[in-house]
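The primary structure of each chain is shown beneath.
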8 protein chains.
Amino acid sequence: MSTTGFDDLGYARPDTDREARQGLPEIVYGPGKSAAQIAGVVTSLLRANTGPVLVTRVDPDDARAVLAAVPGGEYDEPGRLLAWRRAAPRGFRLAVLSAGTSDGPVAAEAAAVAESVGLTVHRIADVGVAGLHRLLAVRDDLAAADAVVVIAGMEGALPSVVGGLVGCPVIAVPTSVGYGANLQGVTALLAMLSSCAAGITVVNIDSGFAAAMAAYRIARKR
Amino acid sequence: MSTTGFDDLGYARPDTDREARQGLPEIVYGPGKSAAQIAGVVTSLLRANTGPVLVTRVDPDDARAVLAAVPGGEYDEPGRLLAWRRAAPRGFRLAVLSAGTSDGPVAAEAAAVAESVGLTVHRIADVGVAGLHRLLAVRDDLAAADAVVVIAGMEGALPSVVGGLVGCPVIAVPTSVGYGANLQGVTALLAMLSSCAAGITVVNIDSGFAAAMAAYRIARKR
Amino acid sequence: MSTTGFDDLGYARPDTDREARQGLPEIVYGPGKSAAQIAGVVTSLLRANTGPVLVTRVDPDDARAVLAAVPGGEYDEPGRLLAWRRAAPRGFRLAVLSAGTSDGPVAAEAAAVAESVGLTVHRIADVGVAGLHRLLAVRDDLAAADAVVVIAGMEGALPSVVGGLVGCPVIAVPTSVGYGANLQGVTALLAMLSSCAAGITVVNIDSGFAAAMAAYRIARKR
Amino acid sequence: MSTTGFDDLGYARPDTDREARQGLPEIVYGPGKSAAQIAGVVTSLLRANTGPVLVTRVDPDDARAVLAAVPGGEYDEPGRLLAWRRAAPRGFRLAVLSAGTSDGPVAAEAAAVAESVGLTVHRIADVGVAGLHRLLAVRDDLAAADAVVVIAGMEGALPSVVGGLVGCPVIAVPTSVGYGANLQGVTALLAMLSSCAAGITVVNIDSGFAAAMAAYRIARKR
Amino acid sequence: MSTTGFDDLGYARPDTDREARQGLPEIVYGPGKSAAQIAGVVTSLLRANTGPVLVTRVDPDDARAVLAAVPGGEYDEPGRLLAWRRAAPRGFRLAVLSAGTSDGPVAAEAAAVAESVGLTVHRIADVGVAGLHRLLAVRDDLAAADAVVVIAGMEGALPSVVGGLVGCPVIAVPTSVGYGANLQGVTALLAMLSSCAAGITVVNIDSGFAAAMAAYRIARKR
Amino acid sequence: MSTTGFDDLGYARPDTDREARQGLPEIVYGPGKSAAQIAGVVTSLLRANTGPVLVTRVDPDDARAVLAAVPGGEYDEPGRLLAWRRAAPRGFRLAVLSAGTSDGPVAAEAAAVAESVGLTVHRIADVGVAGLHRLLAVRDDLAAADAVVVIAGMEGALPSVVGGLVGCPVIAVPTSVGYGANLQGVTALLAMLSSCAAGITVVNIDSGFAAAMAAYRIARKR
Amino acid sequence: MSTTGFDDLGYARPDTDREARQGLPEIVYGPGKSAAQIAGVVTSLLRANTGPVLVTRVDPDDARAVLAAVPGGEYDEPGRLLAWRRAAPRGFRLAVLSAGTSDGPVAAEAAAVAESVGLTVHRIADVGVAGLHRLLAVRDDLAAADAVVVIAGMEGALPSVVGGLVGCPVIAVPTSVGYGANLQGVTALLAMLSSCAAGITVVNIDSGFAAAMAAYRIARKR
Amino acid sequence: MSTTGFDDLGYARPDTDREARQGLPEIVYGPGKSAAQIAGVVTSLLRANTGPVLVTRVDPDDARAVLAAVPGGEYDEPGRLLAWRRAAPRGFRLAVLSAGTSDGPVAAEAAAVAESVGLTVHRIADVGVAGLHRLLAVRDDLAAADAVVVIAGMEGALPSVVGGLVGCPVIAVPTSVGYGANLQGVTALLAMLSSCAAGITVVNIDSGFAAAMAAYRIARKR
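The name recorded for chain A in an unreviewed UniProt entry is Nickel pincer cofactor biosynthesis protein LarB, from Pseudonocardia hispaniensis.

Written as structure tokens, this is what we have:
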């Protein structure tokens, strides 16, 4: 084990101390890294830590190459997530809502990451605000959740409505679904930040990963 | 009466033909005009047309000066509207919804203009989406409307929800109420244009006037 | 028939109650959905409703696959629209104007959707403001319309000019035609919202669909 | 008590049901409301609920007028907060960090709201990243917190650094402190959303209120 | 006379050579300069050149102070222009069109500068595109012009229409007249640059000065 | 010949009257039109007018197809211009400067259009401001020009420097050459509009065409 | 002296260790701090360090109050700088160029800070690129400099030209001088970052302070 | 050798005088130039100067073609740099830090250019602020540097932290690494310019080249 708290691989310095500080090993951001680099970082993290090791936003081809080099992992293709040593459930119920079918990939990433770190995910798709009864029909599911991730593109209105229905933490994820005035998700992002529902928080566009990790931070402190 | 279709006052050319083309005299945009200029334009329009003559966005001081120069008008202070020869009701029911109390001045302008051109206005305030039951409680009022003007600042979510409830025309007005990520109403504007509710239309930020006139165009064609 | 007002297909919740609320079944947004998903949603909507069922922005390949799975529909390739059970004409005349030949695809979508929901469309192409006589030559057509959809890219000036000529509802559609300072249609969008012609309304960039649905809302309330 | 879940005051519809749904009465947004309107809404909320009633962003003059009309409240001038029936502490430790002395008013609002709803606040000022040892000196305080609110203007870097040190929830608040490229806080906002530290969440610019409420949602679910 | 081509006043270096290079002495930009500084620069330019000396954007108070220090000049208050030794007319007809009465101050600056450098100005106000007949009524005036300055705020459509009517140079000036989506004139600016009328040129927002100088460059080369 | 001033081809309305109004037939914008549509419009314009007929932004493949359908034209590949009946030189000297070698395609379009309408072009490449002596070496060429087109990407500084050297009209063309902070040419565009050199005019990003046409308008009025 | 490397004043934590790390005590950012707070921080820094103590962006009234509380300092009103224990000259020649007279306040701040930390400043005002000979006349001054600060608003072209003339470090400061398309200095900022002159660096809008400190870092390493 | 200070190749004017002015021949910007054009410019520069000749942003295919035409050069593929006559080391230590592995290509360009012009580069990768101990572990390396280039995408926080640790010049390079709210590097750019660390300078997005050249300017003046 490293005494410096990191490994120096030249091209990367995996933070081997993060599990001690935050309860979870560093999670690897896949884009811009070669399969060999990912494999090197994962190997370092698996050795230095005992918890789950994850790599986000990995394409299927890279996933195959990494899994061949570092056995024992699993690839969630809808969520584009590579995972080794997934955590056992810790009894935290996370509802993952999405406004439309097209928001599916972001919901898949949120769910894959959340489950890999031990949260229990309940996915609810296509409850956009243009047909409110679809949302009102799942009120009991929402009431049972410890936290809610709300994913929406276009005008990003769903978090405001959910935020008015529930008292638990609401983590809003804007998506780049839409066109024109949606501005690749910037409009939904700004709308969620301007929400009239008190205490909603927001993460980066299309970042199911960030939402799952925000939920993990909450779960860890319960 | 002008044969050219306009008067040439030097500083302005009132469009005396507009009533013939569009059913309503030109409506005067107040900002940037002196009280004397407003009075001159109003006088020209009153003489050349028979319908209502309106001036928007007039401060109380200017209003007093103009009314002194051109008697017979009325000033609606909340809506900042000067009006002469207001139209008789034509049996068109316009619901004017606003998301928050702070959107009141925009709603006041929409209502003042709409009533001056003969629409029957039903105002419903403070039905923002963070407390949906307030909106659901007025569903019958919405169902009875011939068109709905929906006014909202912050994230501008209300038109999407209303657009999913009613089948009549929905005219959305973004307001500059809010701060930071609201970007003086630009966020609400872009959100409304990106709405997932089909067939919603949008007018300029804080423009109760534009919304009322859009409703008038619809009313006229019934 | 659903008692909840929607079907739960897992990946989607078709709003089977929308026809009752708004006079028209939910219209399906194609992008981001697989052909199988589209077919599933369409099947649900056809079963639960009696009116036209539409899917927007469908590529020819997907269209073929969906039509094979759900017979009885038609594909309008210029408008990229799939439609089943198109509505009978309801006697509402909609003029669809476009500023330039390059705006054709947006006009095609507006026309295809409008006709599928029962409006009678009169298309007028290439009447941009740099040659005003082309527009003035169709004044009689405009005067005969119950509403006008005005489609323009570049500077988006055409709606302002049309808005000054006619008294009926004007629905402006900015397009992403142009380059540089057009900013993918954002400039035309902002220009139309800033129009000096009173009562013009605006929908999202390149959204012939939204314009047609806005016209449908007006037609329905006549 | 209302059976509809709200009072209709004409200019406002206080959501009297919110305490039942979310554990806390509706919190009143002060700007754009007159002192009389605020007093009316507060009176309604006090009557229909049993928990704390708060009004945000109130100027001293308005505060005095409201307190005269509705006795029993307190005014926190640095946090611009009016509060009646403040909640008892519920044993949730919230650290409120700010990067610079100029971020003080936002920290004051966050602290005032959080304490009024029963959180125990520990404020730590002026620990910006240009002098890291100041932050490292309070690591024990951070480790003891159940959640951390991190307030920063200029480049908004502090939440990323804090997010790498602690495992608990981190709520980032961008402020408009700075000039030029800070763009009134938009730069800090976008930077925080782009943070390389996993699971950080963000609220609107200068909104100490939103951060406190996000913490409250977390506290409530423990 | 300077052999270096400029005077060094410490706070400023008047370009005394510009008249030789460009036919006109340097024109002084007023904002950010004290009356004493303006007077110093003007004195230098009057001594080193023989043509007109102008200062733009001067408030009445500063104008009085400068004129007291440097006699012989005139102040055009609507155009906020100070001028000494105004040029004789050179037989170049410049039409200055403005879309609305509120664009008056920009038109006044354009006219004041143009006349001071020897152009013959014909002003035509309030010919916005919402009432086309007003513009068509002045077609003969436009046809007689050697160049046209077209001033418009809001959506900035007028230059496109004028550009389609005339064959002479068209210089478009966007103004900050309007609100919301006009974005302080940026929308009109971008719209004019995206114009479908071929060969239109654009200058900075509200810069009647720049338009007049562009016309002067054309006039000089005839 | 058309009595309406245009041909109605269904997909397009060529403005056959433009030559009478402006001295030059309508110039066809290529993008978004099929080769068959271009051929149809060109045929109409060749029949109804006597001057040059041009089509801009045509790819080589489309150019070949159109030339096969409408013989007698020429294709300038660097300038992507199709031209029939090019005009004879009218004795107007246009200097076309470009800041860098990468700006070449824009300069090629400007030159091709300008020469096709009868201007005499003198091209000067790679005289960017980081090596001023290159520009100063061509001062005599600049002094001999009747107008100057100045093309620059990156920071767009060249027009300001040229504008300070010459007294003739300066038409600035921003290009999308550069990366990052250049924002696809928007930075150069805004910089040119903010130029400290008096009387510079600006056209759309990468629009050599617009610059050439602006020069043509000047040439025509000499 | 502090063993933690900072003082904890409650509202601020002066970084008393910075002089050891960076050769200069922390420099205090004035805005948003009361005179009493400034005095407290200055007192702390004077006690814990031996070098110059500076406060930027102080208004004259606050300056007087602080100087009364902490004697021995000096106030530079044009540069809005408070300074105690100004450093002795270290033989580093810094040229401070400004494009226009209106950029004076930014140049004053740069000069005041630079001189207070021991640099020798040579100010050269009003050498904008529209009159190049003014700049070429000071080439010898530029050649003698160890570094150059170049201050410009509007289009921000001056740093590119200077960057092509000299081989020493060039620090560009965009200013908010200008209007419209200058966008409060953002245009100049982006232009400078896009400069075609190699190796120019940029600091925040209007920040003479940042430029002086960048020069100080260079001077310190000589 | 040229007496004009440049060669006129028609498509380019290599600045053969730059080595005399600035100590280094002109560096060629590769994009938008053909291999033949690059070869021509390089040949001119090699003949007229004695120092290193560099071409940036060259793809491998173009590199091969140019090297075949102009022997004696070397191609650094990670840094996409072509170089002839690389300079001998001048004893200036430049630390090149990058926040994440994905920033590697920008670091490679910075290092390749810096070494080619004679600086001694020490690269330190993956020291992002979410794991501060990785950065603190290299404090001695930083203290030994004459200047530091700090490369970061996402929120761009690293330069602020480094700027607080070292007293030498800090040149910040924002990268386009990240997504959504990162806005292709604009967010990191604006954040770095808003840094609370005094005296940090910034170059264009992804421009390792600009950072290396800024360091060269500093090195040259030592």
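Let us keep going from here.
**Things to note about the relation of the copies chain G and chain F**
Turning chain G through 180° and shifting it by 0.0 Å along the axis lays it on chain F, with an RMSD of 0.0 Å. The relationship between the two copies is best expressed as a two-fold rotation axis. By C-alpha distance to the rotation axis, the residue of chain G lying nearest is A157(G), at 2.5 Å. Both copies present the same face, since 100% of the interface residues in chain G are matched by interface residues at the equivalent positions in chain F.

**Re the relation of the copies chain A and chain D**
For the pair chain A and chain D, the relating rotation is 180°, the translation along its axis is 0.0 Å, and the fit reaches an RMSD of 0.0 Å. An overlap of 100% is found between the interface residues of chain A and their copies at the interface of chain D, pointing to a shared contact surface.

**What about the interface of chain G and chain F?**
Across the boundary between the two partners, chain G contributes 21 residues, which contact 21 residues of chain F. Roughly 1900 Å² is buried in total at the junction of chain G and chain F, and carbon and sulfur atoms are behind 75% of that figure. At the junction of chain G with chain F, the criterion picks out zero salt bridges. When residues of the side of chain G that touches chain F are traced back to their parent elements, those giving at least two are α5 (132–136), α7 (158–165) and α8 (186–193) of chain G. Broken down by element, the residue count for the side of chain G that touches chain F peaks at four residues, all from α8(G). Grouping the amino acids of the side of chain G that touches chain F by side-chain chemistry returns 14 nonpolar, six polar and one charged.

**Some words on the sheet that holds strand β3 (residues 74–76) of chain F**
All names here are of chain F. Reading across the sheet, the four strands line up as β1-β2-β4-β3 and stay open at both edges, with mixed pairing between neighbours. Taken across any chain shown, the strands that pair with only one partner, and hence form the sheet edges, are β1 (28–29) and β3. Of the strand pairs in this sheet, β3 and strand β4 (residues 81–84) are connected by three bridges, and their pairing is antiparallel. When the sheet's bridge partners are listed, D76 is paired in β4 with L81. Sitting on the sheet, helix α4 (residues 104–116) touches β2 (53–56), β3 and β4, and the angle it makes with β4 is about 5°.

What counts and how
Residues numbered from 1 in each chain as written. Chains lettered and ligands numbered in written order. Predicted model: local features only at pLDDT ≥ 70, side-chain atom pairs only at ≥ 80, totals over all residues. Heavy atoms only, no water. Least-squares fit on C-alpha atoms with pLDDT ≥ 70 in both. Contact = heavy atoms within 4.5 Å. Buried area = accessible area lost by both parts, 1.4 Å probe. Salt bridge = Lys/Arg side-chain N within 4 Å of Asp/Glu carboxyl O. Helix = DSSP H or I, 4+ residues; strand = E, 2+ residues; numbered from the N terminus. Nonpolar A, V, L, I, M, F, W, Y, C, P; charged D, E, K, R; others polar. Pairing = 2+ DSSP bridges. Axes fitted to C-alpha atoms, helices over the stretch in contact; angles between N-to-C directions.

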